[in-house]
Each structure stands twice: as C-alpha cells, then as structure tokens.
Amino acid sequence: MIIRTAARRRAAATAATVCALAVALTACSGTTKNSTEKDTTKADTAAEANPDAPLKKGLKLAFLPKQINNPYEKIVDEAGIAAAAEYGATGKEVGPSDASASSQVSYINTLIQQRQDAILIAANDPNAVCGPLKQAMKKDIKVVAYDSDTAKDCRQLFINQASSEEIGRSLVQHLGEQIGYQGKIAILSATQNATNQNTWIEFMKDELKLPKYRNMQLVKVAYGDDADQKSFQQTQGLLQAYPDLKGIISPTTVGIAAAARYLSDSSYKGKVVLNGLGTPNQMRKYVKDGTVEQFSLWNPEELGYLGSYAAAALASGQITGAEGEKFKAGKLGEYTIGKDGEVILGEPTVFDKNNIDTFDF
C-alpha cells in the first residue's frame, strides 16, 4: 500500500511537471481539435486590437433584421450593404417574415454554416438568440447588434440609434407639451420582448413620475407586433376602450404609421395626439393632412452605414469591442465605443411640417 501511494505521488508530480511545461500551449485541458478553436467572444483581451490595421478585403457580412419585410429595417440593411461595397466587402440581408422571439435562430445557424465574417442582428428577443450567437463568436464570427440589442454577452457591439434614455424621455416630453400635460395616454409598441422598445418604455414610465406629469395617466401599453394590420387594430381597440384618450406614443415605425392611418379616417382625427418614431416618407401625408403634428427618428441609412463599418472594424482586428476603443466609419467620421460595447449614432431628429420635405427616407 505504501509503495502504491509513493508511486502515485511520483506519477502526480511528473504529470504536474509536464503540465507546467505545456501550459502555454495546452493549458492542461485535454486539448482536442474542437477545443483548440479560438473563442473570440467579448472576453478576449483588448490587447489583440490593432487600430492601424487596414479593413480586410472580401469580408462577408449578413444583416438579420427583426423581420424581412419591415420597411424601416430594409432602409437600415440596404445602407449597410452599400457601405460594405465601399471597403471591398459583400453584404446580404436574410431573416424571418414574422417577429417572434425565436424566429431568427435558424437564420443564425445557417449563417454560421456559411462562415460569414460578421452577423449584424436587430434582435426580436434579447435572450432567445444568445445560444447560436455565442456559437458564432466561438467560430470567430463577429456579432454586432443594431436597433434592438441582445443580452450583452451575446455580441461584441451594440449600435444604438441614440441614447435610450433620451429617446424614451423625449417622446413623453413632446407628447406632454402637445396635450398640455393633461389626460390619459397609451403606448403602442412592437413586440412584448423587443429590447429597444422595452428600454424606451421604462424611461417613458420613469419620466411620467415627474411632478409636471401628475395630471397625465398611462392607461395601457398595447403591442402590435410590428405588423401593420395588428397595429391598426390595436389603435382601434385603444380608442374603443378609452374614448377619452388624449394621446398615443408609438415608438415603432410600423406602429405609428398604422395608428396614423386609423386616426386619419376617424372621428378622433385632430382630437387624439399621436407621437412616436417614424420615417418621413411614411408619415409625410399624415403630417400634411393634420393627423400628426410631429414625430421623431434618427437617420436609418446612417445607422446601417455605421453598423457595417463597425462590423468590418471588428472583423479586421481594429477593435475588439472594449470600452474606449475608436474606429472610423467612413463619411460619418470617428466613433468611440462606450460602456458594454455600445456605440451611439447621435441625437434623433424631430420632424414636422416645416422640415419634413427636406428628408427622403
């Protein structure tokens, strides 16, 4: 028994010595072909970043919107694909026709099989897409969320349209001014799990706690699932349930256009104030016919353009996604990565009858 114990100790000591000598190469992990595959998630060291590295030629980028037929996201994605051509890359758009929580998963898996260099995703749900996105990063495919974020550990960067707090609070501020800080209001959102919508709504609710809004009451948050007809019906339902409603905030381009269409042909036109986020081309006729006084948005073409360059900078090794890193986004200039890998495009624009004809998107 003593001999066996001593032998075991000698064997253990020998194994420890071998492990110590080999740790730099294998980390004594029982290395296999699969485990040597580089894990390039956000945990990678920022020391790998080379800000002077040129953008690689021939990169393959894939844009995965919430849903393929969303007019707003079509603008974003087409601008990102056009930007890719500027630096010698190719881009494409793929995605589901519905905006359900898990609808994007199969597309991510296919993009991994295709060995894309970067996946840019507007997430329908922050967590449902995490599993496959983490697998993509382990295979050295860069992941950039845009418009609607994933959970923070499931991507390297999030390209935010504007400060989430600024968007949420400003929508309440604008509506409050329009209705004289009096009356019942409702929110017409997209899907119940949409990260961007829910973040904005939380800031809306927080803004409403301020004393100047004490005579305003949020009666309901309705969900149109970023579907035109459902958003139209939800608007109708809100006004049937609350005929004394004074205002609606719709922080979704599909929702605000559908709500405006309903209001424009109803007895509520001019009586119920509609504000939110929309594109000038969608909303122009409703501004000119008096259905809507004003609404807000950033430039979706610039959002796609910035996302494309950010993905290319990641895939080329210029950045890793660490806070404080800088990269150049073509004609938009230089951007700095903020906390949790967030890059903010800029302030939203307020559109009304005085400026709407100067925009075309």
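Quick caveat, the model's predicted, so the values are computed rather than measured.

The next subject is the packing of aromatic side chains. According to the stated counting rule, one finds 12 aromatic pairs in the structure shown. A ring pair is formed by Phe 232 and Tyr 262, whose centres lie 5.3 Å apart and whose planes are at 80 degrees; its orientation type is edge-to-face. Taken together, the residues Phe 232 in helix H7 (residues 228-241) and Tyr 262 in helix H8 (residues 253-264) connect sequence positions 30 residues apart. Through pairs of rings, three or more aromatic residues link up here, namely Phe 295, Phe 351, Phe 359 and Phe 361. The lysine or arginine in question, Lys 331, covers the ring of Tyr 305, its NZ or CZ lying 5.0 Å from the ring centre.

Right, let's talk about the packing of helix H2 (residues 71-86) against helix H10 (residues 300-315) for a bit. With their axes 7 Å apart at the nearest point, H2 and H10 run at an angle of 45 degrees to one another. In terms of their interaxial angle, H2 and H10 are classed as oblique. Seen along the crossing, H2 lies across H10 with a hand that is right-handed. Across the interface between the two elements, Tyr 72, Ile 75, Val 76, Ala 79, Gly 80, Ala 83, Ala 84 and Glu 86 from H2 touch Pro 300, Glu 301, Leu 303, Gly 304, Tyr 305, Ser 308 and Tyr 309 from H10. Within the contact of H2 with H10, the residues separate by chemical class into 10 nonpolar, 3 polar and 2 charged.

Turning our eyes to something else, we now look at the pattern of salt bridges. Using the criterion set out here, one finds 12 salt bridges in the structure. For Lys 288, the salt bridge is made with Asp 357, and the minimal N-O distance between the two is 2.9 Å. Of this pair, Lys 288 sits in helix H9 (residues 280-288) while Asp 357 sits in the segment after strand S14 (349-351), and the two are 69 residues apart along the sequence.

Even without glycine at this site, Asp 140 takes up a positive phi of about 65 degrees. As for its placement among the helices and strands, Asp 140 is situated in the loop between helix H4 (130-138) and strand S4 (142-146). Of note, Tyr 181 is a non-glycine position whose phi angle comes to about 60 degrees, a positive value. Assignment of secondary structure puts Tyr 181 in the loop between helix H5 (164-178) and strand S6 (183-189). Looking at Tyr 181, the relative accessible area reads 24%, which means it is partly exposed.

Let's shift gears to the confidence of the model for the protein chain. Here the protein chain shows a mean pLDDT of 89. Residues at 70 or above account for 87%. For residues 1-46, every residue scores under 50 in pLDDT, and the model assigns this stretch 32 contacts once sequence neighbours within four places are set aside.

What follows is about the sheet that holds strand S9 (residues 273-276). Read across the sheet, 4 strands follow the order S7-S6-S8-S9 without closing on themselves; strand pairing throughout is parallel. Single-partner strands in this sheet number two, and they are strand S7 (216-223) and S9. Averaged over all neighbouring strand pairs, the angle between strand axes comes to 20 degrees, with direction disregarded. Sheet analysis places strand S8 (residues 245-250) next to S9, joined by 4 bridges and oriented parallel. Looking at the pairing, Ile 248 lines up with Leu 274 of S9. Lying on the sheet, helix H6 (residues 195-207) is in contact with S6, S7 and S8; it crosses S6 at an angle near 165 degrees. Contacting S6, S7 and S8, H7 crosses the sheet at an angle of about 145 degrees to S7.

Our next topic: the pairing of strand S1 (residues 60-64). Burial within S1 is extensive, with 4 of its 5 residues counted as buried. Pairing of S1 with strand S2 (residues 90-93) involves 4 bridges; the strand directions are parallel. By the bridge assignment, Lys 60 is partnered in S2 with Thr 90. Note that the unit made of S1, H2 and S2 has a crossover that is right-handed.

The final tally for this structure, using the stated rule, is 1 disulfide. Linked covalently through their sulfurs, Cys 130 and Cys 154 form a disulfide whose S-S length is 1.9 Å. Handedness of the Cys 130-Cys 154 disulfide follows from its S-S torsion of about 100 degrees: it is right-handed. Of this pair, Cys 130 sits in helix H4 while Cys 154 sits in the loop between S4 and strand S5 (157-160), and the two are 24 residues apart along the sequence.

This next bit is on the environment of Leu 133. With respect to the helices and strands, the residue Leu 133 is situated in helix H4. Leu 133 sits in the buried class, given a relative accessible area of 0%. Through-space distance from the C-alpha of Leu 133 to that of Cys 154 is 5.9 Å; in sequence the pair is 21 residues apart. Beyond its immediate stretch of four places on either side in the chain, Leu 133 contacts Ile 108, Ile 121, Val 143, Thr 150 and Cys 154.

Taken together, the buried positions of H9 are occupied by Pro 280, Met 283, Arg 284, Tyr 286 and Val 287. Lining the buried residues of H9 we find H8, strand S10 (295-297) and S14.

Take the nonpolar core next. Formed by 80 residues in total, the largest nonpolar core has its most connected members in Trp 298 and Phe 327. For this core, the leading source of residues is H10, giving 10 residues. Counting residues in hydrophobic clusters, the runner-up holds 18 residues, among them Val 94, Ile 108, Ala 123 and Ala 136.

Rules and cut-offs
- Residues numbered from 1 in each chain as written.
- Predicted model: local features only at pLDDT ≥ 70, side-chain atom pairs only at ≥ 80, totals over all residues.
- Heavy atoms only, no water.
- Phe/Tyr/Trp six-rings, centres within 6.5 Å; stacked < 30°, edge-to-face > 60°.
- Helix = DSSP H or I, 4+ residues; strand = E, 2+ residues; numbered from the N terminus.
- Lys NZ or Arg CZ within 6 Å of the ring centre and 35° of its normal.
- Axes fitted to C-alpha atoms, helices over the stretch in contact; angles between N-to-C directions.
- Parallel < 35°, antiparallel > 145°, perpendicular 65-115°, else oblique.
- Left-handed = near helix turned anticlockwise from the far one by under 90°.
- Contact = heavy atoms within 4.5 Å.
- Nonpolar A, V, L, I, M, F, W, Y, C, P; charged D, E, K, R; others polar.
- Salt bridge = Lys/Arg side-chain N within 4 Å of Asp/Glu carboxyl O.
- Buried < 20%, exposed > 50% of the residue type's maximum accessible area, 1.4 Å probe, protein only.
- pLDDT = per-residue confidence, 0-100.
- Pairing = 2+ DSSP bridges.
- Right-handed = clockwise from strand over helix to strand, strands pointing away.
- Disulfide = S-S within 2.5 Å.
- Core = buried A, V, L, I, M, F, W, Y, C linked by side-chain atoms within 4.5 Å.

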